[in-house]
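Topology and contacts: notes
The primary structure of each chain is shown beneath.
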Amino acid sequence: MRALLLVLVVASSDACAQVYRWVEGGTVHYSNEAPPANVKASKLDIEARPGPASPDTQDCYTVRCQGERMEERIARRDQSDARIAAERIASTPARPHGLEFRKYISLSRGMSEGEMLGIAGSPDLVFRDRSFKTYTYLPTPADPFTTTIVLVNGRINEIDRARKF
């Protein structure tokens, strides 16, 4: 019985809450607490109980709940930004690594494809046709030559090195 009485007293105190309005130093103040004693205040007919929460707040209108949800949104945004950055990096083409002159002079006609790849490394571009492959090593600032190697039946048939810029 006492618990029911306590609930009724608390509920009625919320319903009877008052909102005060007063002007002090040119600034308008609103509060549900009584203003200072030396200030003339007026009572407003406003229901001071908290209203229903907005759909965005998910039935929690405290600053703590909203802060927690904001942290979750920030974490999701950071994950999304990281995923987008990783996709952007993955989609960027690899920088050309070219073919140094020392490696170029080590190549010779008739050398097998495996020997050539062992000396020169992987090419920047590869073109394959039925009977031949063309490996291209693009120019770099350190080595401004484009090297094209044509392989026929797995053996070097032609080596071309030209300055492109």
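Residues numbered from 1 in each chain as written. Predicted model: local features only at pLDDT ≥ 70, side-chain atom pairs only at ≥ 80, totals over all residues. Heavy atoms only, no water.

With respect to unusual backbone geometry
Convention followed: The secondary structure listing takes helices from DSSP runs of H or I that are at least 4 residues long and strands from runs of E that are at least 2 residues long, numbered from the N terminus.
Although it is not a glycine, Asn153 adopts a positive phi angle of roughly 55°. Structurally, Asn153 is set in the loop between β6 (145–152) and β7 (155–163).

Structural notes on the pattern of salt bridges
Keep this limit in mind: Each salt bridge in this description consists of a side-chain nitrogen of Lys or Arg and a carboxyl oxygen of Asp or Glu lying within 4 Å of one another. Under the scheme applied here, a residue whose accessible area is under 20% of the maximum for its type counts as buried, over 50% as exposed, and between as partly exposed, the area being computed with a 1.4 Å probe on protein chains only.
Considering all chains together, one arrives at four salt bridges under this definition. Between Arg102 and Glu100 there is a salt bridge, with the nearest N and O atoms lying 2.9 Å from each other. Note that Asp143 is salt-bridged to Arg161, the shortest N-O span being 2.8 Å. A residue pair is termed long-range when its members are at least 10 positions apart, and Asp143 in the loop between β5 (132–137) and β6 and Arg161 in strand β7 qualify at 18 residues. Just as Asp143 is buried, Arg161 falls in that class too.

Digging into the packing of aromatic side chains
Remark: the centre distance and the inter-plane angle together describe each pair of aromatic rings, the angle taken between the planes. Under the convention used in this document: Side-chain rings of Phe, Tyr and Trp, where Trp is taken by its six-membered ring, are said to pair if the distance between their centres is within 6.5 Å; with planes under 30 degrees apart they count as stacked, over 60 as edge-to-face, and otherwise as tilted. Look at NZ for Lys and CZ for Arg. If either is within 6 Å of the ring centre and within 35 degrees of the ring normal, a charge sits over the ring.
All chains considered together, the criterion is met by two aromatic pairs. Between Phe101 and Tyr104 the ring centres are 6.1 Å apart and the planes differ by 40°, which places this aromatic pair in the tilted class. Taken together, the residues span about one helical turn, with Phe101 and Tyr104 both in helix α3 (residues 101–106) at a distance of three residues. Taken together, a centroid distance of 6.3 Å and an interplanar angle of 50° make the contact between Phe127 and Phe132 tilted. Residue classification places Phe132 among the partly exposed positions, given a relative accessible area of 27%. The cationic tip of Arg161 hangs over the ring face of Tyr104; the distance from NZ or CZ to the ring centre is 4.8 Å. Seen from the ring of Phe145, Arg163 lies directly overhead, with NZ or CZ sitting 5.7 Å from the centre.

Section: the sheet that holds strand β4 (residues 125–128)
Defined as follows: Between any two strands, at least two bridges found by DSSP are needed for them to pair. Every axis in this analysis is a line fitted to C-alpha atoms, fitted for helices over the stretch in contact. Angles between the N-to-C directions lie between 0 and 180 degrees. Two residues form a contact once any of their heavy atoms are found within 4.5 Å.
The four strands lie next to each other as β4-β5-β6-β7, forming an open sheet whose pairing is antiparallel. One side of each edge strand has no neighbouring strand; the edge strands of this open sheet are β4 and β7. If you compare each strand with its neighbour and ignore which way they point, the axes differ by 15° on average. Pairing of β4 with β5 involves four bridges; the strand directions are antiparallel. In the sheet register, Phe127 faces β5, and the bridge partner there is Thr134. Packing against the sheet, helix α4 (residues 113–120) makes contact with β5, β6 and β7, and its axis sits at approximately 5° to β5.

Points about the nonpolar core
Threshold: Buried Ala, Val, Leu, Ile, Met, Phe, Trp, Tyr and Cys residues that are joined via side-chain atoms within 4.5 Å together make up what is termed a nonpolar core.
Core analysis: the largest hydrophobic core is formed by 10 residues, namely Leu99, Leu107, Met111, Met116, Ala120, Tyr135, Tyr137, Ile149, Leu151 and Ile156. The set of elements that each furnish at least two residues to this core consists of α4, β5 and β6. Every residue in contact with Tyr135, bar those within four places of it in the chain, is listed here: Glu113, Met116, Leu117, Pro123, Leu125, Val126, Thr147, Thr148, Ile149 and Leu151.

Let's talk about the sheet that holds strand β3 (residues 41–44)
Overall, antiparallel pairing links the three strands, which are arranged β2-β1-β3 in an open sheet. Two strands close off the open sheet at either side, each with one partner strand: β2 (27–31) and β3. When strand polarity is set aside, the average angle formed by the axes of neighbouring strands in this sheet is 25°. Sheet topology places strand β1 (residues 19–24) next to β3; four bridges connect them, and they run antiparallel. Considered in β3, the bridge of Arg21 is made with Ser42.

Points about a nonpolar patch on the surface
For clarity, the threshold we go by: Only residues whose relative accessible area exceeds 30% and that form no salt bridge are eligible for patches; like-charged ones are grouped when within 9 Å, while nonpolar side chains (Val, Leu, Ile, Met, Phe, Trp, Tyr) are grouped when within 5 Å. For every accessible area listed, the method is Shrake-Rupley and the probe measures 1.4 Å; residues are considered covered only by the protein chains on display.
A surface patch of nonpolar side chains, about 290 Å² in accessible area, is lined by Val23, Val28 and Tyr30. Within the element layout of this structure, Val28 appears in strand β2.

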